[in-house]
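# Secondary and tertiary structure notes
If you want the building blocks of each chain, they are given just below.
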Amino acid sequence: MNGLEEALHVLLSPSGFGVIMVGTFLGITVGAVPGLTGTMLIALVLPLTYGADPLLSMTLLISIYVGAVSGGMITATLLRMPGTPASIITTLDGYPMARSGEPERALGLGVMASTVGGGISWGFLVLLTGPIAVLSSHFGFFEYFSLVMMALVLIASVGGSSLRKALFSGFLGVFFAMPGINVATGQTRWTFGFTEMNDGFQLLPVLIGLFAVNQILADIVRIEDKGEPVSIGEKSLWLGPKQWLAHGVNLLRSSVIGTWIGMLPGIGANIGSVTAYTVAKGFSRQPDKFGHGSEEGIVASEAANNATIGGSLIPLIAMGLPGSVVEAVLLGALVIHGLQPGPRLFSESPSMVYTIMGAMLLANVVMAFMMICSMRWLAKIASVPKPFLLPVILVFCVIGSYALSNRFFDVWVMLAFAVLGMTLEQYKIPLAPFIIGFVLGPIAEKNLSLGLQASEGSFLPLVTRPLSLIFLVLAMLILLFSLFGSSVKDRWLNRAELVTDSGKGGWKP
Amino acid sequence: MRTRWVASDQSQTYPNRDIEIVVPYAAGGGSDTFARIIQQGLQEAEEFDQPLVIINQPGGIGTIGSREVKNSQPDGYKILCHHNAIITAKLAETVNYGPEAFEPIALTGEMSMVVLVRADSQIEDLQGLLEESARSESSIRFAANKGAPSYYAALQLEQSLQGADFTIVSSGGGADRYTKIIGGHLDAGIFSLSEYLDFLAPEGTPANRDIRAIAVLSPQRHESIPDVPTAVEAGIPVVLRNANYWWAPKGTPSKIIERIAVALENAMNEPTVVQELRRLRLDPTFAVGVELRDRLNATVENFEKVAVSQNVSQAGSLPRFDLYLGCFVLVLFALVTWEQIRGGAAGKVDDSEIQPVRQGRGQPLLALTAFGVVVFHVLAIQSGWLPLAITLVSLVLLLGILLSRHVATRKLWLVELSLLTGFGAQFVFSEILKISLP
């Protein structure tokens, strides 16, 4: 219980609470501005926390995460431009409802759903993380390898409409993680004689390049785009308990869907909200209202995207496997502060586990409070002119990459990956599998290599160890299903396409 | 002649600006913590009237940072704090230089290493472990990282008994290794003393959830674990402690080396340093000059002896996953290209993101120009043409003006914003966040 006390002490101290307020506010703002994503902000804030207290650093990052996933609905509803890809689905019903004269109600429903979604997934986080951590402490090298393989296949198959493109992106990510030191042998490879490459490409510059610089360049291409803003009036966003009860079933269902989708490695908030939306439409008594300002639609989308937060934190804390791109950054953050996520984290640093959990809950509450009290103000910030915003963010991209290990190599890596990201997106190749592959690939290789070292070169344990066999069989089934079960998949996709007008949402979390 | 004159002049006035201490590991790690304790000790002892700045350059098992120092000016303003891995990085062929490429300044503090097993293991002592591994029907899976000092200690242990044969598994950081030993996936491993004491479970934990040290690889027993015998006591002559050394680039004037060595010795005697090192379980050993060189040579010799046999036995032991992967990516690339060439033949709906208010093709040329501006400024910062803050101001201003031609914006605000960002970033990063900027 000592860890719990320490976590409470940090979170409830003036500075801890201040960090949560600042983080949530920043997250909401960045989430609300179309073209800026939470991933971008978290990657850029990470370098600032190198010297800071680890508990406070994680509190800040988690608060930003919660804020960013929630903030996207502001512009989705008022501008018909999703602030983050997580709220793409919210535009479908939020904007029509706002246009028809009820912007406050649309936003109010979104805030309510976000809060409940976050809360329910938080419950799962608290309940499931411990048992899963205990289970995963029995995992050996082969089990981890099989699990990661399953995860890689899963992101590729659920991801986009083109399995090949997603697979290519994922394995390209694995490929770019290869240069540097081979953990198993301690020798360098693929450095092409550049000693700077001895450590390969670091996650942070790659991430800033792919998700921040690339995104900014895309924003610049689209700089003349404008929305048709709806302004909000004086009405309160607060909805009474009656409304909560009226949407109770939908809230619960969408939150649970969001949480489970979040737990699957590599699948972010946007897929969570698409799925919950589709399911809600299937269960609805008024399915034809979906897409024309349906309350259920807003609730399903916003509950699910916030619920993915708690879900995706579970495999991160319990097994050290990232559930989405943001988790990949959080994984990096923990490692930078000398902590290895995974079963050991519970006994090694219980205060960190409790801080992450507590920060998520508090940030959720603060988020609801801020959104209800200062929505008009937040909506104004979201329309800061781009010429002010983008150059400043680029400065932070450059300094942030440099600060990682005080060398310019990382800055060039960042710029190179920005170009790569632009190229891939040009050909509609999703970027999220890339980054997940980049993180998971080395984990898979390390575990397989070490497993082989331990088994003296025998691959047999992959199939003779029951858990490992289960994961591999599941991976094969998923792969076969997505390759040959195309009729089933097309039907599912078509449904998603129907509801989203032009296919499934983007890949960026 | 001129260089000598410069050198002697420098050592008279040394130090007259910031001294940079390069730590080749990430902030917050063991090496970083240690360096910061000494840094504080140096400041408390008021050894230098110039600030000491710690620069973390993690990566490549410490070789990114060590190379930075090796290639820097030998003037005593950039020194390296690094442990035994500087020796093993060369033996593992990560880099082609070892301690000989530096001037050693001092040895400060040593960490004891222990060999441990799971608490319910049948193995009672080191001798037992070696004998068990020598029996042909059993194998001991031993955790030690290839290329790191612990690996060479494991090899030394193996060679101390005829026929002993560990299955050595490199298994990452301490927490990883611990989890694998507790989970029964590895049988034994080498840990630092502080890791061992941290990982030790509280009293009353079942034996299959706990660990037990069977030997400490120091010349004497350690005061914090008096019941654990040394390897030497068991008749196995393996002594390995991970020592922290301070290094200067080759060619640094000896006066400066001595000056830093004296400062380090005084810092090691500061009460706060003594106390902090005790807390980290570091033995406060100190060595300079001949003693330091002797100890270094002995360690290098020890490692080299076992390294020869290692390189033979290791060749071709693992499949080349990276090559297989490369081929797989190429195949996928071909598939994707094929799909692209066939175009929308499949009749699929364009699955791009929803962008409800897209108008036309946008401004690709503008984005390209902006990217060019960024690249140019990064080059400018790297080569140090102008002070950092000025360059950043120019970056923000140029980009802002470029973009404001497409979106109506107040130009004066842009000027204000660029000044704020440039100087603000310089101030926040260097003064508040203590990140050393170019």
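Residues numbered from 1 in each chain as written. Chains lettered and ligands numbered in written order. Predicted model: local features only at pLDDT ≥ 70, side-chain atom pairs only at ≥ 80, totals over all residues.

### Some thoughts on the overall build of chain A
We apply this condition: Each helix is a run of H or I in the DSSP string that is no shorter than four residues. Each strand is a run of E no shorter than two, and both are numbered from the N terminus. Radius of gyration: over C-alpha atoms. The globule rule applied is 2.2 Å multiplied by the number of residues raised to the 0.38 power. Buried, partly exposed and exposed are defined by the number of other C-beta atoms within 10 Å of a residue's own C-beta, namely 20 or more, between the two limits, and 12 or fewer respectively, with C-beta atoms placed from the backbone. By the convention adopted here, residues are in contact when the distance between their C-beta atoms, placed from the backbone, does not exceed 7 Å.
In terms of regular secondary structure, chain A is built from 23 helices and two strands. Relative to its length of 509 residues, chain A is compact, with a C-alpha radius of gyration of 22 Å against a globular reference of 23 Å. The principal-axis extents of the C-alpha atoms in chain A amount to approximately 70 × 50 × 50 Å. Taking all 509 residues of chain A together, the buried fraction comes to 68%. Within chain A, counting contacts between residues at least 6 apart in sequence, those at least 24 apart form 80% of the total.

### Quick look at the overall build of chain B
Each helix and strand in chain B was counted, giving 15 helices and ten strands. The long-range share in chain B, meaning contacts at least 24 apart out of those at least 6 apart in sequence, stands at 74%.

### A few points about the pairing of strand E4 (residues 102-118) of chain B
Residues and elements named next belong to chain B. What counts, and what does not: Any two strands are treated as partners once DSSP identifies two or more bridges connecting them.
With 16 of 17 residues buried, E4 is to be regarded as a mostly interior element. When E4 meets strand E10 (residues 282-287), the two strands line up antiparallel, connected through four bridges. Each residue of the ladder has a partner; that of Leu107, found in E10, is Ala287. The sheet contact formed by E4 and strand E7 (residues 188-192) spans five bridges and is antiparallel. By the bridge assignment for E7, Val114 is matched with Phe191.

### Brief notes about the domain arrangement of chain B
Keep this limit in mind: What counts as a domain boundary in this text is fixed by an automatic or database domain assignment.
In terms of domains, chain B is made up of domain 1 (2-111 + 241-314), domain 2 (112-216) and domain 3 (365-432). Each of domain 2 of chain B and domain 3 of chain B was reduced to a C-alpha centroid, and the two centroids are 54 Å apart.

### Points about the packing of helix H8 (residues 163-176) of chain A against helix H20 (residues 432-454) of chain A
When two helices pack together, you describe them by how their axes are tilted relative to each other and by the distance separating the axes. All names here are of chain A. Just so we agree on the cut-off: The convention used is that axes are lines fitted to C-alpha atoms, helices contributing only their stretch in contact, and that angles between N-to-C directions extend from 0 to 180 degrees. Just so you know how the angles are binned, under 35 degrees is roughly parallel, over 145 roughly antiparallel, 65 to 115 roughly perpendicular, and the rest oblique. By definition, turning the near helix anticlockwise from the far helix through less than a right angle yields a left-handed crossing, and turning it clockwise yields a right-handed one. Residues are sorted three ways: Asp, Glu, Lys and Arg are charged, Ala, Val, Leu, Ile, Met, Phe, Trp, Tyr, Cys and Pro are nonpolar, and all the rest, Gly among them, are polar.
Between H8 and H20, the shortest axis-to-axis distance is 6 Å and the interhelical angle comes to 40°. Judged by the angle between their axes, H8 and H20 are oblique. You can see that H8 and H20 cross each other, and the crossing is right-handed. Residues Ala166, Ser169, Gly170, Phe171, Leu172, Gly173, Val174 and Phe176 of H8 form the contact with H20, whose own contacting residues are Pro433, Phe434, Ile435, Ile436, Gly437, Phe438 and Gly441. Its residues assigned to classes, the contact of H8 with H20 comprises ten nonpolar, five polar and no charged.

### Here we look at the environment of Gln243 of chain A
Of note, Gln243 of chain A is situated in helix H10 (residues 241-246). Remark: the alpha-carbon pair of Gln243 of chain A and Leu109 of chain A, spanning 134 residues in sequence, is separated by 8.7 Å.

### Notes on helix H2 (residues 30-44) of chain B
Residue and element names in this part refer to chain B. Convention followed: Multiplying 1.5 Å by the helix residue count minus one yields the expected span of that helix. When we speak of the arc, we mean the arc of directions from the helix axis to the C-beta atoms.
Over its 15 residues, H2 extends 21 Å from the first C-alpha to the last, a length consistent with the 21 Å expected when each residue adds 1.5 Å. The set of residues buried in H2 consists of Ser31, Phe34, Ala35, Ile37, Ile38, Gly41 and Leu42. Buried residues of H2, seen end-on, are gathered within an arc of 155° and therefore sit on one face of the element. Directly beyond the C-terminal end of H2, a positive phi value near 50° is found at Glu46.

### Quick look at the interface of chain B and chain A
Each partner contributes residues to the interface: chain B has 92 residues there, and chain A has 90 residues. Contributions of two or more residues to the side of chain B that touches chain A are made by strand E2 (52-56), helix H3 (63-70), strand E6 (166-169), helix H7 (174-182), helix H12 (321-342), helix H13 (364-383), helix H14 (388-404) and helix H15 (411-432) of chain B.

### Structural notes on unusual backbone geometry
Following Tyr14 of chain B, the chain continues to Pro15 of chain B via a peptide bond in cis, the omega torsion being -10°. Checked against the element boundaries, Pro15 of chain B lands in the loop between helix H1 (2-13) and strand E1 (19-23).

### A short note on the pairing of strand E5 (residues 140-143) of chain B
Residue and element names in this part refer to chain B. Heads up, the rule is: If the strands point away from the viewer and the path from the first strand over the helix to the second runs clockwise, then the crossover is right-handed.
Of the two faces of E5, both are covered, the one formed by Ile140 and Phe142 as well as the one formed by Arg141 and Ala143. Taken together, the four bridges between E5 and E6 define a ladder with parallel strand orientation. Pairing of Phe142 across the sheet is with Ile168, part of E6. One crossover worth recording links E5 to the parallel E6 by way of helix H6 (residues 149-159), and it is right-handed. Sheet analysis places E5 next to E7, joined by two bridges and oriented parallel. Across the sheet, residue Ala143 finds its bridge partner in E7, namely Gly189.

### Focus: the nonpolar core
Operational definition: Only buried residues count toward a nonpolar core: Ala, Val, Leu, Ile, Met, Phe, Trp, Tyr and Cys, linked into one set through C-beta atoms within 7 Å.
Ala43, Met360 and Ile435 of chain A together with Val114 of chain B are the most contacted members of the largest nonpolar core, which totals 305 residues. Beyond its immediate chain neighbours, meaning those up to four positions away, Met360 of chain A contacts Ile62, Val66, Trp122, Leu125, Ile309, Gly310 and Leu313 of chain A.

### With respect to the environment of Ser458 of chain A
Take Ser458 of chain A: it is sitting in the loop between H20 and helix H21 (461-464). Put simply, Ser458 of chain A and Trp377 of chain A are 81 residues apart on the chain and 63 Å apart in space, counted from C-alpha to C-alpha.

### Concerning helix H16 (residues 350-373) of chain A
Along its 24 residues, H16 of chain A runs 34 Å from first to last C-alpha, staying within 8% of the 34 Å computed at 1.5 Å per residue. For H16 of chain A, the tally of buried residues reaches 19 of 24 residues, placing the bulk of the element in the interior.

### A few points about the confidence of the model for chain B
All names here are of chain B. Inclusion rule: Residue-level confidence of the predictor, termed pLDDT, takes values from 0 up to 100.
Looking at chain B as a whole, the pLDDT averages 84, with 89% of positions reaching at least 70. The secondary-structure element of chain B with the lowest mean pLDDT is H1, recorded at 56, while strand E3 (residues 78-83) shows the highest, at 94. Interface confidence for the predicted complex, expressed as ipTM, amounts to 0.83; the pTM equals 0.84.

### Looking at the packing of helix H3 (residues 38-45) of chain A against helix H14 (residues 325-336) of chain A
Residues and elements named next belong to chain A. Their axes nearest at 10 Å, the elements H3 and H14 cross at an angle of 10°. Here H14 runs roughly parallel to H3, going by the angle between their axes. The residues of H14 that touch H3, namely those facing Gly38, Thr39, Ile42 and Ala43, are Val325, Val326 and Val329. Among the residues making up the contact of H3 with H14, the classes are represented as five nonpolar, two polar and no charged.

### Quick word on the confidence of the model for chain A
Scored by pLDDT, chain A comes out at a mean of 85, with 93% of its residues at no less than 70. Contacts from residues 497-509 of chain A, a stretch scored under 50 in pLDDT, to residues over four places away or in other chains number 58 contacts.

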